Structures are given as C-alpha cells and as structure tokens.
Amino acid sequence: MKKSGSEKKRESARSKIRRSTLQNGSGRDASDVSSKKPATGKDVFQVFAEKVRDNKQLESRWAVLQETRVEYFRGKDIVKFMRKHPELKELLGSGNDLEVEDIINILLKKNLLVRCDRVVKTIRPGKKKLSTWPAHLEIFHDQVFSENDAFFAWTFLKRRTLWMTILSFSWPLLALAICLYPVYPYTCKLVVLYSCAGVLLLILCVLLVRALVFGALWIILGKRVWIFPNILAEETTFKELVQFWPSKDEEEKPKWTSRLFYALVAVLVILLLRHHAPDEAARARYQKRVSNIIDDVLEWSPKLALSGMMETQQEPQTVVNSTKTEEATDDSRTSKTDDSEIETPSNAYEGEDIIDDTVGHQK
C-alpha cells in the first residue's frame, strides 16, 4: 500500500520528537553524572579515603589477611580521629553532615574498606587479655561499622608519593655504586668501610644492651622491660623506631624458680666463655689476619689486577725457559762425569807403572 502525503508528514514529525527527547534525556543524564563527581573526576568517597589514609594521626598497623599484607585501623580510633578533624567531611560535599558510622558504612559498600576480625580469639598462656593489634586477620561476616573490637582494612593501593618515587629510582643507583666499590679511590674506600662498620657496631651494641637490660630486670625484679621496643618491627615510623621507653608490661610475673634457673644458666655461660676465651697471642694472630684481608680489599685496583693477569700469562714462558736451561746444565754435567770416568783408568795404570819401577830399583 502506498502511504498518503499526510501520513508521511505525521511519521516525520514523530521521528523528530523522538530525537529531541533522546537528546534532552541524554543531556540531563550527563549533567546529573557530572554533578555527582568532583572536578578531578574521582569519587568523593575515594578522595576522602585517600586523605584519611595518608594522615599520620590515624593510628594503623600492618597485618596478614588471607596471605596478603594489609594496613588496618580500629573502629574506636577512626571515631576519635574524625572528632579531631571534622574538616575532612568537607571533601564529601553534600554529605558533610553524615555521621562517622554512615561514612564508614558507605566506604564498606564501595569496597574501599573491609571489616576484619582477629584470627586468634583466645587468650594465650601468660597473657591477661587479647593482643591490641593482632598480626593475623580474617574477613568478618557482617560488613557494618562497630567501635567495639572492630578492625577495618584498606582495600585500595596507597598513592605513591614523590619521596617513594625518588627512592624507587635511587635503588638501582645504590646497587651500581655497591658494585663499583672496588674501583673507588683509597680515601672513599676507607670512608665507606668505617661508616658501614660503625653502623653495624652500633646496631649490635644496641641489641646487646637491650638483651642485657631485659635479662637483668627479668631475673632480679621479674619485669619484662625492652628498651627500644620497636627497633625490630617490620612496619613502623621513624618516631616509633627511636622510642626509648617501652610500653606497660601486661603479662603475669614469672615464677621465682624459672628466674633462678635462667640465672644459673647465665652464670654457667659466662664461666664457659671466660674459660674458652682466646689468649693474647691468638687474638693478635686473628687481628693480623683480619687486617691483612682488609688491606687486600682496600689496596686492590684494576691496574694490580691487570698486572697480575700479565704475570700469570708470563709464568708459563719462564717455566719453559727454566726447564730448558736446567736440562742443558744436566747434559753438560753428565758429559763431564763421563769424561772423568773414562780418564781415571789411564791414570790408574800410569800410577801402577810408576810403583813397579820404584820397586825394581829397590831390588
């Protein structure tokens, strides 16, 4: 069937209306989406989570969650932190009037956080309570906010700072500098050697004094006192690393029998070390050996290595020449001995003739 002209006009008008409505709808959708996103193009809660994580005043630790190391914080700590820093809510825009519980629940729904629970839920022998910061975590079944013994781990990668970028480029340079140590000048070798030896000696002395203080106070007073408590921690800040005074001892006091036993063991170890200590001559030999090794390392240079290689190449030629000369001298010596052996019989006969003549004259 052929359509009339009026019907064609109606269909063209309808198509125009449809196009206009689609364009208007798409424009409204784009405007709504752009209004929900900040100028940087990121979600406001993502920006808020990055700012909170980068802030050093929120106390956090590292733990193992399903064979993955994660950074986590406690529920009560985030509440205290948000009370001290209410200006961070301004990053949320229209949601700046939300409570801390609502904000954390939104972060949990957006998978920026995950609520965790401690793996070890029983008190260990000798402890009075559970660990404040557990080292192993597991995912909690109810993903809602709570202040009471609740842990929350960040699920996104931490933003790389400028300092971390500089350090990542400096590690290959440090490795190259270590490999080029043999070709350093003598003065630079001395500086590097004594600097490394001094740092190593300082670390060993701190660890030794730390152990002696702990052992003496534990045996005498029954107190567990570790000076520099965070010096062996894997993840810690510099301020926590140089913390001198330890935290409060929360464990039970040890029995006097165990303290007496370890005191006797310590005395026996000291007596054995004193009895088997090296004498002055042995210490002098060891010191001389070590100094010779250090001198060899410091005095080594590419020129000496090349000269040593040349000497090793020249040694076979000298050995061949020396063997040839030795063979020649041996041949000359053997020829002389043969001549002397041949001449001795004639001399012996002449001596016998002389003896016979003298005997005949006497007769």
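A quick note: this is a predicted structure, and the numbers were derived from the prediction, not measured. (Residues numbered from 1 in each chain as written. Predicted model: local features only at pLDDT ≥ 70, side-chain atom pairs only at ≥ 80, totals over all residues. Heavy atoms only, no water.)

(A) Spatial organisation of a positive patch on the surface. Among the surface-exposed residues, Lys76, Lys80, Arg83 and Lys84 lie close enough to one another that they form a single positively charged patch. Counting through the fold element by element, Lys76 comes out in helix H3 (residues 75-84). (Patch = residues over 30% accessible without salt bridge, like charges linked within 9 Å, V, L, I, M, F, W, Y side chains within 5 Å. Areas by Shrake-Rupley, 256 points an atom, 1.4 Å probe, with all protein chains shown as cover. Salt bridge = Lys/Arg side-chain N within 4 Å of Asp/Glu carboxyl O. Lys, Arg positive; Asp, Glu negative; His and termini not counted. Charge placed at Lys NZ, Arg CZ, Asp CG, Glu CD. Helix = DSSP H or I, 4+ residues; strand = E, 2+ residues; numbered from the N terminus.)

(B) Molecular detail of the pattern of salt bridges. On inspection of all chains with the given rule, the structure shows nine salt bridges. Salt-bridge contacts for Glu59 lead to Arg74; the nearest nitrogen and oxygen are separated by 4.0 Å. In this pair, Glu59 is assigned in the loop between helix H2 (44-54) and strand E1 (61-65) and Arg74 in strand E2 (residues 69-74), connecting sequence segments 15 residues apart. Residue classification places Arg74 among the buried residues on the basis of a relative accessible area of 13%. Taken together, the salt bridges that share partners define one network made up of Glu59, Arg61, Arg74 and Asp77. (Buried < 20%, exposed > 50% of the residue type's maximum accessible area, 1.4 Å probe, protein only.)

(C) Here's a closer look at the nonpolar core. Among the nonpolar cores identified, the biggest contains 25 residues, and Ile78, Ile104 and Leu107 are the most heavily contacted of them. Those residues in contact with Ile104 that lie beyond four places of it in its chain are Ile78, Leu113, Phe145 and Phe152. Core analysis: the next-biggest nonpolar cluster, separate from the first, contains ten residues, Leu65, Val114, Cys116 and Phe151 among them. (Core = buried A, V, L, I, M, F, W, Y, C linked by side-chain atoms within 4.5 Å. Contact = heavy atoms within 4.5 Å.)

(D) Here's a closer look at unusual backbone geometry. Even without glycine at this site, Glu67 takes up a positive phi of about 65 degrees. Tracing the sequence through the fold places Glu67 in the loop between E1 and E2. Within the chain, Asn111 stands out as a residue other than glycine whose phi angle is a positive 60 degrees. Secondary-structure assignment places Asn111 in the loop between helix H4 (100-109) and strand E3 (113-118).

(E) Spatial organisation of the packing of aromatic side chains. Tallied over the entire structure, the rule returns ten aromatic pairs. Between the NZ or CZ atom of Arg53 and the centre of the ring of Phe156, over which it lies, the distance is 5.2 Å. Over the aromatic face of Trp133 sits the side chain of Arg61, whose NZ or CZ is 4.8 Å from the ring centroid. (Phe/Tyr/Trp six-rings, centres within 6.5 Å; stacked < 30°, edge-to-face > 60°. Lys NZ or Arg CZ within 6 Å of the ring centre and 35° of its normal.)

(F) Main features of the confidence of the model for the protein. Per-residue pLDDT for the protein has a mean of 76; in total, 70% of the residues score no lower than 70. Of all secondary-structure elements in the protein, the lowest mean pLDDT belongs to helix H1 (residues 5-36), at 40, while strand E5 (residues 151-154) reaches the highest, 95. Residue range residues 12-39 is modelled with pLDDT below 50. Its contacts to residues more than four positions away, or to other chains, number three contacts. Here residues 341-351 is a poorly scored stretch, pLDDT under 50, and it has zero contacts once near neighbours within four places are set aside; other chains count. (pLDDT = per-residue confidence, 0-100.)

(G) Structural context of the UniProt feature "transmembrane region" (unreviewed entry) in the protein. Following the UniProt record, one finds the feature "transmembrane region" (unreviewed entry) at residues 162-184, 190-221 and 260-277. A helix fraction of 78% and a strand fraction of 0% characterise residues 162-184, whose end C-alpha atoms lie 31 Å from each other. Counting secondary structure, residues 190-221 comes out at 97% helix and 0% strand; the distance between its end C-alpha atoms is 45 Å. (UniProt positions renumbered as here; feature names shortened; annotations may be inferred.)

(H) Focus on the sheet that holds E1. The strand order around the closed barrel formed by five strands is E1-E2-E5-E3-E4, and the pairing between neighbours is mixed. On average, adjacent strands in this sheet sit at an angle of 55 degrees to one another, irrespective of strand direction. Pairing of E3 with E5 involves four bridges; the strand directions are antiparallel. Bridging from a neighbouring strand, Cys116 pairs with Phe151 of E5. In the packing of H3 onto the sheet, contacts are made with E2 and E5, and the angle to E2 comes to roughly 65 degrees. (Pairing = 2+ DSSP bridges. Axes fitted to C-alpha atoms, helices over the stretch in contact; angles between N-to-C directions.)

(I) Broad picture of a negative patch on the surface. A surface patch of like charges, here negative, comprises Asp97, Glu99, Glu101, Asp102 and Glu147. Relative to the helices and strands, Asp102 resides in helix H4.

(J) Geometry of the pairing of E5. Side-chain alternation along E5 places Phe151 and Ala153 on one buried face and Phe152 and Trp154 on a second face that is also buried. Sheet analysis places E2 next to E5, joined by three bridges and oriented antiparallel. Along E5, the bridge assignment pairs Phe73 with Phe152.

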